[in-house]
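Report on the structure
The residues making up each chain are set out below.
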Amino acid sequence: MIQEILYPLLVLGGMGLLFGAVLAYASQKFYVEVNPLQQKVRDALPGANDGGCGFASCDAYAQAVAEGRADINKCVVGGQAVAEALAAIMGTDAGTVKKRIARVMCKGTDNNAVKKYKYHGVKDCRAANALSGGDKECEFGCLGLGTCERVCPFDAIHVTAEGIAESDEEKCTGCGMCVDVCPKNVIQLIDISKRVIIFCNNHDKGKRVRQICKVGCIACSICVRQCPEKVITMDNDLAVINYDGCTNCGACIPRCPTKTILNLDEIISEVVAS
Ligand code: SF4
Ligand code: SF4
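We now turn to the structure provided with this report. (Residues numbered from 1 in each chain as written. Chains lettered and ligands numbered in written order. Predicted model: local features only at pLDDT ≥ 70, side-chain atom pairs only at ≥ 80, totals over all residues. Heavy atoms only, no water.)

The next subject is helix H3 (residues 58-66). Cys58, Tyr61, Ala62, Ala64, Val65 and Ala66 are the residues of H3 that are buried. Among the structural elements, helix H2 (36-44) and helix H4 (79-90) are those in contact with the buried residues of H3. Gly68, located one to two residues past H3, shows a positive phi value of around 75 degrees. (Buried < 20%, exposed > 50% of the residue type's maximum accessible area, 1.4 Å probe, protein only. Helix = DSSP H or I, 4+ residues; strand = E, 2+ residues; numbered from the N terminus. Contact = heavy atoms within 4.5 Å.)

Quick look at the structure:
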């Protein structure tokens, strides 16, 4: 009886000692000295590991900053405060961190966009996209199955009851994880100060767009002519704004025949009022 208890205890104890010794040896043998500057930078980062800085992890970004290979204002989660902390550590100027927000460049809701078949597959935009580009006639629009919603670490993007993804600019950090996962490439990161947005991603000819979506860009170029700053151009039958020069004047909005161009502040005030 004693032997039945003693032997397993001895075996387990021996294995514990052996593994402990191996781990102790490995930690000595493979110890990598961390640059103290890198450690300071790392400690100042929020540790979200979201990749918004363009690096795979906070560790990788900290190393790049410490080695002078990366700017100090790339942490989108930390924003200005982290940029200033890193500036103090690195002895440099923080500059300004521009907050960018994920914008889903499509308003092709269930009411606005024509469907070509009924999708019954798994609730994943990538899977749906593999089936002839998904159930919408528009091959450029949001599929509304919420793959972006599930990947967002900040609960900042959701599919609405009308079947389209929309981001929450209060919560969005601009990390870009939704951008990377969307099979339609319909999400763009845009400076939060830019309030006038052309909510379409469709490059079809105008005639085709009229047949498949009520709110798509029909490439009429009216907005191009209306813009006093001349920052709207046609890109392969899709109107696009060069945001560097856009002043949010909204001159392009009223004449757009399909109401594809929207002012975010007006949308927000309408939502608040209702
Ligand atoms: S934005 Fe992209 S990932 Fe998100 S629901 Fe639409 S198609 Fe899917
Ligand atoms: S909505 Fe997109 S960009 Fe914004 S926090 Fe979520 S995953 Fe990141």
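Moving on from the coordinates now.
Attention shifts here to the nonpolar core. Counting 39 residues, the largest nonpolar core has Ile157, Val186, Ile187, Ile232, Ile241 and Ile261 as its most contacted members. When contributions to this core are tallied by element, the ones reaching two or more residues are strand S1 (100-104), helix H7 (177-181), strand S4 (187-191), strand S5 (196-198) and strand S7 (239-241). If near-sequence neighbours (up to four positions away) are discounted, Ile261 is found in contact with Val196, Ile197, Ile198, Cys223, Cys252, Ile253 and Cys256. Counting residues in each nonpolar core, the second largest holds 17 residues, with Val41, Val82, Ala87 and Ala94 among its members. (Core = buried A, V, L, I, M, F, W, Y, C linked by side-chain atoms within 4.5 Å.)

Two cysteines joined by a covalent bond between their sulfur atoms form a disulfide. Enumeration according to the criterion identifies zero disulfides in this entry. Distance from the sulfur of Cys58, which forms no disulfide, to the nearest cysteine sulfur (Cys75) is 6.4 Å. By relative accessible area, Cys58 is classed as buried at 9%. As a non-bridged cysteine, Cys227 has Cys249 as the owner of its nearest cysteine sulfur, 6.1 Å distant. (Disulfide = S-S within 2.5 Å.)

Let us look at unusual backbone geometry. In most cases, non-glycine residues show a negative phi, while peptide bonds are predominantly trans. Positive phi is not limited to glycine here, since Ala219 has a value of about 60 degrees. In this structure, Ala219 sits in the loop between helix H8 (206-212) and helix H9 (222-226). The class for Ala219 is partly exposed, based on a relative accessible area of 21%. Its identity is not glycine, yet Asp237 carries a phi of approximately 70 degrees, on the positive side. Assignment of secondary structure puts Asp237 in the loop between strand S6 (232-234) and S7.

With respect to the helices, strands and loops of the structure, Val76 is situated in the loop between H3 and H4. Judged by relative accessible area, which is 22%, Val76 ranks as partly exposed. Setting aside chain neighbours within four positions, we find Val76 in contact with Asp50, Gly52, Thr173, Gly174 and Cys175.

Once that is clear, we can look at the packing of aromatic side chains. This model, assessed by the stated rule, comprises one aromatic pair. One Lys or Arg, Lys107, reaches over the ring of Phe199 and ends 4.5 Å from the middle of that ring. (Phe/Tyr/Trp six-rings, centres within 6.5 Å; stacked < 30°, edge-to-face > 60°. Lys NZ or Arg CZ within 6 Å of the ring centre and 35° of its normal.)

The next point concerns the layout of surface pockets. Quantified by volume, the second largest pocket comes out at close to 260 Å³. Of all the elements in the fold, those that place two or more residues in the lining of the second largest pocket are S4 and S7. The greatest single-element share of the lining of the second largest pocket, amounting to four residues, is contributed by S4. (1 Å grid on protein atoms, 1.4 Å probe; cavity = no way out; pocket = protein on both sides within 12 Å on 5 of 7 lines; lining within 4 Å. Points joined across faces, edges and corners; volume = space filled by probe spheres on them.)

Turning to the site of ligand 1, a few remarks are in order. All residues adjacent to ligand 1 are Cys125, Cys142, Leu143, Gly144, Leu145, Gly146, Cys148, Ala165, Cys182, Val186 and Ile187. Grouping the amino acids of the shell around ligand 1 by side-chain chemistry returns nine nonpolar, two polar and no charged. (Near = heavy atom within 4 Å. Nonpolar A, V, L, I, M, F, W, Y, C, P; charged D, E, K, R; others polar.)

In total, this model carries 13 salt bridges according to the counting rule given. Between Lys107 and Glu166 there is a salt bridge whose closest N-O contact spans 3.2 Å. Here the residue Lys107 occupies a position in the loop between S1 and helix H5 (125-130), and Glu166 occupies one in strand S3 (residues 165-167), the gap between them amounting to 59 residues. The class for Glu166 is partly exposed, based on a relative accessible area of 36%. (Salt bridge = Lys/Arg side-chain N within 4 Å of Asp/Glu carboxyl O.)

None of this, on its own, says anything about what the molecule does.
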